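Residue-level listing of the chains:
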There are 2 protein chains.
Amino acid sequence: MIESLKENIAKHISISNKELDDFCRLFKIRSVKKKDHLLREGEVCNFEGFVSNGLFRIYHVDYNGFEQILYFATTDWWITDIDSFTNEKPSMLSIEALEDSEVCLISKSDKDFAYEHYPKIERLFRIMTQKTHVSLQRRMIDNLSKTADERYLDFIDKYPHHKRLSNRLIAGYLGISHEFVSKIRKKLSQGK
Amino acid sequence: MIESLKENIAKHISISNKELDDFCRLFKIRSVKKKDHLLREGEVCNFEGFVSNGLFRIYHVDYNGFEQILYFATTDWWITDIDSFTNEKPSMLSIEALEDSEVCLISKSDKDFAYEHYPKIERLFRIMTQKTHVSLQRRMIDNLSKTADERYLDFIDKYPHHKRLSNRLIAGYLGISHEFVSKIRKKLSQGK
DNA sequence: ACAAAGCATTGAACAAGTTCAACAAAATTC
DNA sequence: GAATTTTGTTGAACTTGTTCAATGCTTTGT
């Protein structure tokens, strides 16, 4: 639904209805089945997307074959590999639907067109990039200073959608083994 | 020196000399003595800065009293707490000079003025924020998947300025104890 | 040049997290 | 709805990194 995209944009910047309509017309809606990939490592990411419904994981497979999850994108989040998208180079990341989902996608040329014609849009993306930057910074600090137990609790606390995620996915996000997630849960459910 | 600021900006965007001059006139030069703080946790960060000479650490003191170093900013880097600066709220971060240094500083109102009058500047900061975002993302993945030894080697490898840093500072960046840095060094110098 | 403070190194005991293997419980598939 | 695959749980042995304490080495300030 394009409506939720409009709402999301209006939350970040002030923009006229006309401009908002024009910009949103550049997006194409796409349904993605559970387990389908929007992007695979090695491909060039040719879209920036807004999740109008569903759930995705953005992840990287490390040299040991472990899947490190950078973040989960649920309804109302944006997804892309900025590096690959803006510099048109092969992606280190993959994006997979964890549930049947729907996204609004914009191509690089259409986004560049928007940057040239609607200065507000340049601001929109500056602000959004800043926000994700701030939260990444905070996560970086937390990862450096907190134990796995604390990070697990923080995660559960901060992301209501954790209930839709398996232990293995949570482990991939926290950077620990799934067995250890299991042990943390046990410890918490017992003596707390 | 304002010249190095101009060069740095020209590296990121194409901009007329006139606009570049006008924008750079908004900066004030400031010398900072070794061990002086440009920003202390709890203060609102009222500047964005470009390091024209010297070396800084940007860090956070965690709830155990440990200093987590987010990054080092040497000559040609930008420094600020974006969150505090843009949202005018108390900072979680501190910024300290590790050597006698010189920075070019711009205030929030002057930067907002620039955003309104020079659209190129909005682009400059979008691009810079994107770049730091990409490198933070990569560091996040590395921290999740690599051991301390590997991260130490990566760091030494990637940052030529590591020679100006004590073990304790490197430890603060890698998120490990300074004793362990010492042990890693020993291991590397011996059997490799 | 000296004292004081901070920095680096090392070892021993400990804590946090991994790995492997075995089994139970859900969820998918045909 | 039975069979197959994926997910979760638990224990034992192991690896990685921490903590604390002792010692010597550099800086720094005066």
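If you're wondering where the values come from, they're calculated on a predicted model, not measured in any experiment. (Residues numbered from 1 in each chain as written. Chains lettered and ligands numbered in written order. Predicted model: local features only at pLDDT ≥ 70, side-chain atom pairs only at ≥ 80, totals over all residues. Heavy atoms only, no water.)

A.B. asks: Could you give an account of the protein's contact with DNA strand D, with specific residues and numbers?
C.D. replies: In the vicinity of DNA strand D there are 18 residues, among which N167(A), S182(A), K186(A), A148(B) and S177(B) approach most closely. Of all atoms in DNA strand D that approach within 4 Å of the protein, 61% are sugar or phosphate atoms. Interatomic distance of 3.4 Å between a backbone N/O atom of R168(A) and a phosphate oxygen of DNA strand D. At 2.8 Å, a side-chain N or O of S182(A) approaches a phosphate oxygen of DNA strand D. Of all the elements in the fold, those that place two or more residues in the surface near DNA strand D are α7 (167-174) and α8 (178-189) of chain A together with α6 (148-158) and α8 (178-189) of chain B. By residue class, the composition of the surface near DNA strand D is four nonpolar, six polar and eight charged. (Near = heavy atom within 4 Å. Polar contact = N/O pair within 3.5 Å; in protein donor to acceptor, adjacent residues only side chain to side chain. Helix = DSSP H or I, 4+ residues; strand = E, 2+ residues; numbered from the N terminus. Nonpolar A, V, L, I, M, F, W, Y, C, P; charged D, E, K, R; others polar.)

A.B. asks: Outline the UniProt feature "domain: Cyclic nucleotide-binding" (unreviewed entry) in chain A, supporting the account with residue identities and numerical values.
C.D. replies: As recorded in UniProt, the sites labelled "domain: Cyclic nucleotide-binding" (unreviewed entry) are residues 30-110 of chain A. In the segment residues 30-110 of chain A, helix accounts for 11% and strand for 48%; the C-alpha atoms at its two ends are 16 Å apart. (UniProt positions renumbered as here; feature names shortened; annotations may be inferred.)

A.B. asks: Could you give me a rundown of the relation of the copies chain A and chain B, with the residues and numbers involved?
C.D. replies: With an RMSD of 0.0 Å, the fit of chain A onto chain B corresponds to turning through 180° and sliding 0.0 Å along the axis. The symmetry that links the two subunits is that of a two-fold axis. Residues of chain A ranked by C-alpha distance from the rotation axis are headed by R126(A), positioned 2.3 Å from it. In this assembly, 100% of the residues forming the interface of chain A have copies in chain B that are likewise at the interface, indicating an isologous arrangement. (Least-squares fit on C-alpha atoms with pLDDT ≥ 70 in both. Contact = heavy atoms within 4.5 Å.)

A.B. asks: Could you give an account of the pairing of strand β5 (residues 67-74) of chain B, naming the residues involved and the relevant values?
C.D. replies: Residue and element names in this part refer to chain B. Among the eight residues that make up β5, seven are buried, leaving the element largely enclosed by the rest of the structure. Bridge analysis of strand β4 (residues 55-61) against β5 gives seven bridges, and the strand direction is antiparallel. Each residue of the ladder has a partner; that of H60, found in β5, is Q68. The turn linking β4 back onto β5 is made up of five residues, and G65 within it adopts a positive phi angle of 85°. (Buried < 20%, exposed > 50% of the residue type's maximum accessible area, 1.4 Å probe, protein only. Pairing = 2+ DSSP bridges.)

A.B. asks: Go over the interface of chain A and chain B with me, naming the residues and quoting the values.
C.D. replies: Facing the 36 residues of chain A at the interface are 36 residues of chain B. In total, chain A and chain B occlude about 3,700 Å² of area from one another, counting both sides; carbon and sulfur atoms represent 63% of this. Among the residues chain A hides against chain B, the three largest losses belong to M140(A), I141(A) and L144(A). Together they make up 18% of the total. Along the contact surface separating chain A from chain B lie eight salt bridges. Between R123(A) and E116(B) there is a salt bridge, and its shortest N-O distance comes to 3.4 Å. Counting only elements with at least two residues in the side of chain A that touches chain B, the list comes to β5 (67-74), α3 (82-87), α4 (108-117), α5 (119-145) and α7 of chain A. Examining the composition of the side of chain A that touches chain B, we find that 18 residues originate from one element, α5(A), more than from any other. For the side of chain A that touches chain B, the per-class residue count stands at 15 nonpolar, 11 polar and 10 charged. (Buried area = accessible area lost by both parts, 1.4 Å probe. Salt bridge = Lys/Arg side-chain N within 4 Å of Asp/Glu carboxyl O.)

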